[in-house]
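Chain by chain, the residues:
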Amino acid sequence: MSATSVATPSLSVRLREGTRAEHQAAESEGFVGRLLSGRLDVAAYADLAAQQLEIYRALEEASALVRLDPRGAGLVFAELERVPAIERDLVHLHGAGWRDAVRVLPATRVYAARLRDVGAGLPEYAAHAYTRYLGDLSGGQVIKRMMQRHYGMGAEGLAFYDFPEIPRAKPFKDLYRERLDALALDPAETDRAVAEAQEAFRLNRAVFAELGAAHP
């Protein structure tokens with residue numbers, strides 16, 4: 001008697017399919033639509049950049065820990081590091097005194113605290129890195145174009161979306177997914193990764209909601 005085997009979906013597929021609803025919900029927040037349609041201003045983008053700095057500081061602290069894990073080291077790429085680029089953007093947007101000018105919203109503090117709480121765990125780190133970095137290489141490029149089109153921004157102020165060491169996004173994203181799939185997470189760890197990626201999108205949506213309230 002023969003049995004038909006069903007291939008287990010890879011981690012990258014599980015993450016994509018398992019977060020579809022949360023991803024769409026985050027993108028549907030009013031702040032995102034208003035910013036990308038030109039109905040806000042550069043100050044709203046500067047506020048977004050300040051939130052990104054807090055989030056990426058926490059994420060990249062986790063990257064330094066995961067780099068020490070033999071299973072996870074291959075998922076940490078220096079080419080993806082964003083904190084220096086965000087700081088350059090904030091200097092351009094606010095001047096040398098940017099640290100006194102920016103504010104970190106409550107939802108952003110919750111997001112960063114979550115990253116610091118769980119980010120050293122490989123399934124959780126994979127979830128958060130996947131949602132942030134692959135998003136930056138995909139939808140983030142749309143944000144960059146819309147900021148240039150609607151608000152007249154040039155390269156300065158948008159360094160966050162530039163990846164000079166990644167000249168072609170698609171091959172790199174394919175490599176990143178291969179590294180995700182090679183993590184060899186067990187079923188319980190894979191479930192943790194999917195649940196955490198869903199949480200990451202919910203946390204991001206909460207940040208967008210607070211930005212929306214601040215920039216109606």
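Everything in this summary refers to the structure shown in the same document. (Residues numbered from 1 in each chain as written. Predicted model: local features only at pLDDT ≥ 70, side-chain atom pairs only at ≥ 80, totals over all residues. Heavy atoms only, no water.)

To continue, consider the overall build of the chain. For the chain, the helix and strand inventory stands at eleven helices and zero strands. Taken from N to C terminus, the helices and strands of the chain fall in the order α-α-α-α-α-α-α-α-α-α-α. Radius of gyration (C-alpha) of the chain: 18 Å, near the 17 Å computed for a compact globule of 216 residues. Split into buried and exposed, the 216 residues of the chain put 47% on the buried side. For the chain, the proportion of contacts with a sequence separation of at least 24, taken over those separated by at least 6, is 83%. Here the chain displays about 10,600 Å² of accessible surface, and carbon together with sulfur accounts for 53% of that area. Charged side chains of the chain number 27 positive and 30 negative; the gap between the two group centres comes to 4 Å. (Helix = DSSP H or I, 4+ residues; strand = E, 2+ residues; numbered from the N terminus. Rg over C-alpha atoms; globule rule 2.2 N^0.38 Å. Buried < 20%, exposed > 50% of the residue type's maximum accessible area, 1.4 Å probe, protein only. Contact = heavy atoms within 4.5 Å. Areas by Shrake-Rupley, 256 points an atom, 1.4 Å probe, with all protein chains shown as cover. Lys, Arg positive; Asp, Glu negative; His and termini not counted. Charge placed at Lys NZ, Arg CZ, Asp CG, Glu CD.)

Right, let's get into the environment of V13. Here V13 lies in helix α1 (residues 11-18). With 164 residues separating them in the primary sequence, V13 and R177 have C-alpha atoms 8.8 Å apart.

Further remarks concern helix α7 (residues 106-118). Helix length check: α7, at 13 residues, gives a terminal C-alpha distance of 19 Å against a target of 18 Å (1.5 Å per residue), a fit within 8%. Of all the positions in α7, only A107, T108, Y111, A112, L115 and V118 are classed as buried. Taken around the axis of α7, the buried residues stretch over an arc of 150°, which confines them to a single face. Relative to its buried face, α7 has exposed residues pointing more than 90 degrees away, namely P106 and D117. Buried residues along α7 sit against α4 (42-66), α8 (122-137) and α11 (187-214). (Expected span 1.5 Å × (residues − 1). Arc of directions from axis to C-beta.)

This brings us to the nonpolar core. Residues L35, Y45, L80, Y125, Y176 and L180 are the most contacted members of the largest nonpolar core, which totals 62 residues. When sequence neighbours within four positions are dropped, the list of residues in contact with L80 reads E60, Y133, L137, F163, I166, F172 and Y176. (Core = buried A, V, L, I, M, F, W, Y, C linked by side-chain atoms within 4.5 Å.)

What follows is about the side chain of N204. With respect to the secondary-structure elements, N204 resides in helix α11. According to the relative accessible area criterion, N204 is buried, its value standing at 13%.

Let's shift gears to α1. All of the buried residues along α1 are L11, S12 and L15. Angular distribution of buried residues about the axis of α1 spans 100°; they occupy a single face of the element. Here the buried face of α1 lies against α8, α10 (169-181) and α11.

Scanning all chains against the criterion turns up six aromatic pairs. Seen from their ring centres, Y56 and F160 are 5.3 Å apart, and the 75° between their planes marks the pair as edge-to-face. Separated by 104 residues along the polypeptide, Y56 in helix α4 and F160 in the loop between α9 (139-151) and α10 bring together distant segments of the chain. For the residue pair Y56 and F160, the accessibility class agrees, reading buried in each case. Here the aromatic residues Y56, Y133, F160 and Y161 are joined through ring pairs into a cluster of three or more. (Phe/Tyr/Trp six-rings, centres within 6.5 Å; stacked < 30°, edge-to-face > 60°.)

Turning our attention to the packing of α1 against α11. In contact at an axis separation of 9 Å, α1 and α11 are set at 35° when each is read in the N-to-C sense. The handedness of the crossing between α1 and α11 is right-handed. Across from L11, R14, L15 and G18 in α1, the residues of α11 making contact are T190, D191, A193, V194, A197 and Q198. (Axes fitted to C-alpha atoms, helices over the stretch in contact; angles between N-to-C directions. Left-handed = near helix turned anticlockwise from the far one by under 90°.)

Before going further, it helps to examine the pattern of salt bridges. Summed over all chains, the structure comprises 16 salt bridges. A salt bridge links D191 to R14; its shortest N-O distance comes to 3.0 Å. Here the residue D191 occupies a position in helix α11, and R14 occupies one in helix α1, the gap between them amounting to 177 residues. Across the pair R71 and E189 runs a salt bridge whose closest N-O atoms are separated by 2.9 Å. Of this pair, R71 sits in the loop between α4 and α5 (83-94) while E189 sits in helix α11; the two residues are 118 residues apart in sequence, bridging distant segments of the chain. By relative accessible area, which is 38% here, R71 ends up partly exposed. Through salt bridges with shared partners, a single ionic network connects R16, E17 and R20. (Salt bridge = Lys/Arg side-chain N within 4 Å of Asp/Glu carboxyl O.)

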